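# Commentary on secondary and tertiary structure
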Amino acid sequence: MVVEYLERIRTRLLEEQINFNTELNIANMKFRENVEIIKFLESSIDRNFEAFTPRHIDGFNLRKIDELKVEQTDIKENIDMIQTKLDMVDTELEKVTEVIKVAKENDMKLKSLE
């Protein structure tokens, strides 16, 4: 009965681990996409052309780069938060797995005494 309860806890923790890993992968992918978009926008800005015109060139790209950098900071904070949660779940999973092992050994000992 105790082992069954612990197995349910372990199953729940495994599901949480899978969910956090999925969230982490998605967040990392968004971060990489964000970096690539920023690189692309920065490479498309023609700095030489600005010297010959009184108008501000590539204003949209510059604003978009600034927005993406703010978004990048938010994504990084989210990645750190998910990683922290994942580490906590991993630790709990290790503890529960160890307790299950001990509980099964104790059940075996009890059964052998009967």
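As a further point, take the overall build of the protein. Helix and strand counts for the protein stand at three helices and zero strands. Along the chain direction, N to C, the helices and strands of the protein fall in the order α-α-α. The long-range fraction of contacts in the protein, counting pairs at least 24 apart against all pairs at least 6 apart in sequence, stands at 79%. If you sum the accessible surface of the protein, you get close to 8,800 Å²; carbon and sulfur atoms cover 57% of it.

Applying the stated criterion across every chain, the model contains eight salt bridges. Residues Glu7 and Arg10 are paired through a salt bridge, measuring 2.7 Å at the closest nitrogen-oxygen approach. Highlighted residues: Glu7 and Arg10, both in helix 1 (residues 2-44), separated by three residues, approximately one helical turn. Note that Glu92 is salt-bridged to Lys95, the shortest N-O span being 3.9 Å. Of the two residues, Glu92 and Lys95 both sit in helix 3 (residues 59-113), three residues apart, roughly one turn of that helix. Three or more residues joined by partner-sharing salt bridges are found here, namely Glu7, Arg10 and Lys104.

How each quantity is defined
Residues numbered from 1 in each chain as written. Predicted model: local features only at pLDDT ≥ 70, side-chain atom pairs only at ≥ 80, totals over all residues. Heavy atoms only, no water. Helix = DSSP H or I, 4+ residues; strand = E, 2+ residues; numbered from the N terminus. Contact = heavy atoms within 4.5 Å. Areas by Shrake-Rupley, 256 points an atom, 1.4 Å probe, with all protein chains shown as cover. Salt bridge = Lys/Arg side-chain N within 4 Å of Asp/Glu carboxyl O.

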